[in-house]
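# Summary of structural features
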Amino acid sequence: ADRARKLCDILRKEERILLPNRCPTGGYFLWIKFPPEVDAEDFLSFCEHGDAADLEVRFRPGSKCDAFAEDMTGEEQITNDMASGVSTSSFQSHARLCFADLDEDNLLEGGRRLVQAFRIYMDTV
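The structure displayed is predicted, hence computed values, not measured ones.

## What about helix α4 (residues 104-124)?
In this model α4 runs 31 Å from its N-terminal to its C-terminal C-alpha over 21 residues, within 8% of the 30 Å that 1.5 Å per residue would give. Of the surrounding secondary structure, the elements contacted by the buried residues of α4 are α1 (2-11), β1 (29-33), α2 (40-49) and β3 (94-98). The opening residue of α4 is D103, an N-cap whose side-chain oxygen sits 3.2 Å from the backbone nitrogen of D105.

Here is the structure:
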(Lines give C-alpha, C1' and ligand atoms only; values in the text may rest on other atoms or scores of the structure.)
Protein backbone atom coordinates (compact mmCIF):
# COMPACT_ATOMS: atom_id res chain seq x y z
CA ALA A 1 0.00 0.00 0.00
CA ASP A 2 2.85 2.37 0.81
CA ARG A 3 4.51 1.75 -2.58
CA ALA A 4 1.30 2.49 -4.45
CA ARG A 5 0.71 5.65 -2.41
CA LYS A 6 4.20 6.94 -3.10
CA LEU A 7 3.77 6.25 -6.82
CA CYS A 8 0.43 8.07 -6.78
CA ASP A 9 2.06 11.05 -5.05
CA ILE A 10 4.62 11.31 -7.84
CA LEU A 11 2.06 10.93 -10.63
CA ARG A 12 -0.23 13.55 -9.09
CA LYS A 13 2.42 16.15 -9.85
CA GLU A 14 1.19 16.01 -13.45
CA GLU A 15 -2.45 17.15 -13.34
CA ARG A 16 -3.23 15.82 -16.82
CA ILE A 17 -2.62 12.26 -15.66
CA LEU A 18 -5.78 11.18 -13.87
CA LEU A 19 -5.59 8.76 -10.97
CA PRO A 20 -8.28 7.02 -8.96
CA ASN A 21 -9.58 9.02 -6.00
CA ARG A 22 -8.00 6.45 -3.73
CA CYS A 23 -4.74 4.70 -4.47
CA PRO A 24 -4.74 0.92 -4.24
CA THR A 25 -4.23 -0.49 -0.76
CA GLY A 26 -3.13 -3.84 -2.13
CA GLY A 27 -2.76 -5.80 -5.30
CA TYR A 28 -0.28 -5.27 -8.10
CA PHE A 29 -1.56 -2.57 -10.44
CA LEU A 30 -2.45 1.10 -10.61
CA TRP A 31 -4.70 2.23 -13.46
CA ILE A 32 -4.20 5.74 -14.76
CA LYS A 33 -5.98 7.75 -17.43
CA PHE A 34 -4.45 10.16 -19.89
CA PRO A 35 -6.39 12.96 -21.58
CA PRO A 36 -8.78 11.71 -24.30
CA GLU A 37 -6.49 12.90 -27.10
CA VAL A 38 -3.70 10.61 -25.85
CA ASP A 39 -3.70 7.09 -27.24
CA ALA A 40 -1.78 5.02 -24.69
CA GLU A 41 -0.31 2.76 -27.38
CA ASP A 42 0.99 5.78 -29.30
CA PHE A 43 2.43 7.22 -26.10
CA LEU A 44 4.15 3.91 -25.30
CA SER A 45 5.64 3.84 -28.80
CA PHE A 46 6.89 7.39 -28.21
CA CYS A 47 8.43 6.22 -24.93
CA GLU A 48 10.16 3.32 -26.66
CA HIS A 49 11.24 4.93 -29.93
CA GLY A 50 10.63 8.69 -29.76
CA ASP A 51 12.17 11.66 -28.02
CA ALA A 52 11.68 10.02 -24.61
CA ALA A 53 13.34 6.68 -25.46
CA ASP A 54 16.36 7.46 -23.28
CA LEU A 55 14.05 7.55 -20.23
CA GLU A 56 13.26 3.82 -20.69
CA VAL A 57 9.61 4.18 -19.64
CA ARG A 58 7.42 1.08 -19.96
CA PHE A 59 3.77 0.44 -19.09
CA ARG A 60 0.88 -1.66 -20.32
CA PRO A 61 -1.62 0.24 -22.49
CA GLY A 62 -5.17 -0.24 -21.25
CA SER A 63 -6.35 -1.54 -24.62
CA LYS A 64 -3.95 -4.49 -24.20
CA CYS A 65 -5.69 -5.41 -20.93
CA ASP A 66 -9.14 -5.92 -22.46
CA ALA A 67 -9.71 -9.66 -22.21
CA PHE A 68 -12.12 -9.72 -25.14
CA ALA A 69 -10.69 -7.17 -27.56
CA GLU A 70 -8.69 -9.61 -29.67
CA ASP A 71 -11.32 -12.35 -29.67
CA MET A 72 -14.17 -10.30 -31.11
CA THR A 73 -14.55 -8.47 -34.36
CA GLY A 74 -17.22 -6.55 -36.21
CA GLU A 75 -20.81 -7.17 -35.20
CA GLU A 76 -19.81 -9.41 -32.28
CA GLN A 77 -17.69 -6.62 -30.76
CA ILE A 78 -20.46 -4.06 -31.23
CA THR A 79 -22.98 -6.37 -29.54
CA ASN A 80 -20.60 -6.95 -26.62
CA ASP A 81 -19.86 -3.24 -26.28
CA MET A 82 -23.57 -2.42 -26.20
CA ALA A 83 -24.31 -5.16 -23.64
CA SER A 84 -21.47 -4.27 -21.30
CA GLY A 85 -21.50 -0.51 -21.80
CA VAL A 86 -17.73 -0.69 -22.20
CA SER A 87 -15.98 -0.57 -25.54
CA THR A 88 -12.37 -1.26 -26.39
CA SER A 89 -11.99 2.45 -27.05
CA SER A 90 -12.85 2.98 -23.38
CA PHE A 91 -9.34 1.76 -22.55
CA GLN A 92 -7.55 3.68 -25.30
CA SER A 93 -6.36 6.49 -23.01
CA HIS A 94 -5.63 4.27 -20.02
CA ALA A 95 -2.47 2.58 -18.76
CA ARG A 96 -1.85 -0.12 -16.20
CA LEU A 97 1.23 0.34 -14.03
CA CYS A 98 2.62 -2.49 -11.93
CA PHE A 99 3.87 -1.29 -8.57
CA ALA A 100 4.74 -4.76 -7.27
CA ASP A 101 7.69 -5.93 -9.37
CA LEU A 102 10.32 -3.22 -8.91
CA ASP A 103 12.21 -2.25 -5.79
CA GLU A 104 10.90 0.98 -4.32
CA ASP A 105 13.70 3.24 -5.57
CA ASN A 106 13.28 2.01 -9.17
CA LEU A 107 9.50 2.25 -8.91
CA LEU A 108 9.61 5.86 -7.80
CA GLU A 109 12.22 6.75 -10.41
CA GLY A 110 9.97 5.08 -13.00
CA GLY A 111 7.08 7.26 -11.86
CA ARG A 112 9.19 10.40 -12.22
CA ARG A 113 10.32 9.29 -15.67
CA LEU A 114 6.76 8.56 -16.75
CA VAL A 115 5.75 12.10 -15.80
CA GLN A 116 8.76 13.50 -17.65
CA ALA A 117 8.04 11.42 -20.78
CA PHE A 118 4.38 12.42 -20.67
CA ARG A 119 5.29 16.11 -20.58
CA ILE A 120 7.64 15.70 -23.55
CA TYR A 121 4.93 13.79 -25.44
CA MET A 122 2.28 16.43 -24.74
CA ASP A 123 4.58 19.08 -26.19
CA THR A 124 4.53 17.17 -29.48
CA VAL A 125 0.77 16.56 -29.87
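Having seen the structure, we can now continue with the description.
## Regarding the sheet that holds β3
Spatial ordering of the open sheet is given by β1-β3-β2, a layout of three strands whose pairing is antiparallel. In this open sheet, the two strands that pair with only one neighbour each are β1 and β2 (60-61). Pairing of β2 with β3, which is carried by two bridges, proceeds in the antiparallel orientation. Along β3, the bridge assignment pairs P61 with A95.

## Regarding the state of the cysteines
Under the defined criterion, the tally for this structure stands at one disulfide. The residue that forms a disulfide with C8 is C23, at a sulfur-sulfur distance of 1.7 Å. Taking the torsion about the S-S bond as the criterion, the C8 to C23 disulfide, at about -140 degrees, is left-handed. Pair noted here: C8 is in helix α1 and C23 is in the loop between α1 and β1, with a separation of 15 residues, a long-range link.

Calculation rules
Residues numbered from 1 in each chain as written. Predicted model: local features only at pLDDT ≥ 70, side-chain atom pairs only at ≥ 80, totals over all residues. Heavy atoms only, no water. Helix = DSSP H or I, 4+ residues; strand = E, 2+ residues; numbered from the N terminus. Expected span 1.5 Å × (residues − 1). Contact = heavy atoms within 4.5 Å. Polar contact = N/O pair within 3.5 Å; in protein donor to acceptor, adjacent residues only side chain to side chain. Pairing = 2+ DSSP bridges. Disulfide = S-S within 2.5 Å.

No statement about biological role is implied by the geometric values presented.
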